[in-house]
Amino acid sequence: MHMVIYTLVEASTRDDALATGKTVFDRLVGAVPHAGAVFDYYMTFDEDETTVAGTARWGDLPVAATIESDEGEELLERGWEATKTEFQRNLDRVKEALDEHSDEEIMRDEDLARHAFHQVGAYDGPSVFLYDEHASGIRHRGQLDRILDESENLWIVPADVHF
């Protein structure tokens, strides 16, 4: 499956932001030493040599945008809303499992209950859409606000990932 994720990076130019973003995405696909693969592969929106990912799948997205720009604000909003929506979907599944299943059924992963528990607690992967420049998932609004408040020259870089 494919999804668009975003990284927030400090950079002075679009090219620097893209390069730093690619370093983050490399970590998330395990392409650098000591990094565990969270996703199978990625494609940034400066690449167009495929018909199944990136622009071919999602349309034109900025390669990178300053967080203060209209494009940057839109990408940030997309990433944050997707994170909140996926968290709430999984949290609802957890609550339903607790209400409807015995401990033994949950232990057996009835209706993928344990998977939902895992997704609620995930620090990266398909339930997290925003990442900092260290490839750490941004999981709550306080963390996002801290990055936005403490960073200068902040850019957002999107990538199509497969998992």
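Residues numbered from 1 in each chain as written. Predicted model: local features only at pLDDT ≥ 70, side-chain atom pairs only at ≥ 80, totals over all residues. Heavy atoms only, no water.

Caption draft 1: Representation of the pattern of salt bridges. Within this structure, the stated rule accounts for eight salt bridges. Across the salt bridge formed by glutamate 86 and arginine 89, the nearest N and O atoms sit 2.6 Å from each other. Here the residue glutamate 86 and the residue arginine 89 both occupy positions in helix H3 (residues 70-100), the gap between them amounting to three residues, near one helical turn. Owing to a relative accessible area of 42%, arginine 89 belongs among the partly exposed residues under this scheme. With a shortest N-O distance of 3.8 Å, glutamate 150 and arginine 146 are connected by a salt bridge. (Salt bridge = Lys/Arg side-chain N within 4 Å of Asp/Glu carboxyl O. Helix = DSSP H or I, 4+ residues; strand = E, 2+ residues; numbered from the N terminus. Buried < 20%, exposed > 50% of the residue type's maximum accessible area, 1.4 Å probe, protein only.)

Caption draft 2: Focus on helix H1 (residues 14-28). Its 15 residues place the ends of H1 21 Å apart at the C-alpha level, agreeing with the 21 Å of an ideal helix rising 1.5 Å per residue. The elements touched by buried residues of H1 are strand S1 (2-10), strand S2 (41-44), strand S4 (130-131) and strand S5 (154-162). Positioned one or two residues after H1, glycine 30 has a phi angle of 75 degrees, which is positive. (Expected span 1.5 Å × (residues − 1). Contact = heavy atoms within 4.5 Å.)

Caption draft 3: Local environment of the packing of aromatic side chains. One pass over the structure, following the stated rule, counts two aromatic pairs. Judged by centre distance (6.5 Å) and plane angle (85 degrees), the ring pair of phenylalanine 39 and tyrosine 131 falls under edge-to-face. Of the two residues, phenylalanine 39 sits in the loop between H1 and S2 while tyrosine 131 sits in strand S4, which places them 92 residues apart along the sequence. Between the NZ or CZ atom of arginine 139 and the centre of the ring of tyrosine 123, over which it lies, the distance is 3.8 Å. (Phe/Tyr/Trp six-rings, centres within 6.5 Å; stacked < 30°, edge-to-face > 60°. Lys NZ or Arg CZ within 6 Å of the ring centre and 35° of its normal.)

Caption draft 4: Main features of the pairing of S5. Across the nine residues that make up S5, a large majority, eight, are buried. Pairing between S2 and S5: four bridges, direction antiparallel. Bridging across to S5, threonine 44 finds its partner in alanine 159. Bridge count for strand S3 (residues 65-66) against S5 is two bridges, and the pairing is antiparallel. Residue pairing for S5: alanine 65 is matched across the bridge by isoleucine 156. (Pairing = 2+ DSSP bridges.)

Caption draft 5: Representation of the pairing of S1. Summarising burial for S1: eight of the nine residues are buried, a large majority. Relative to S5, S1 runs antiparallel, the two being bridged by nine bridges. By the bridge assignment for S5, leucine 8 is matched with isoleucine 156.

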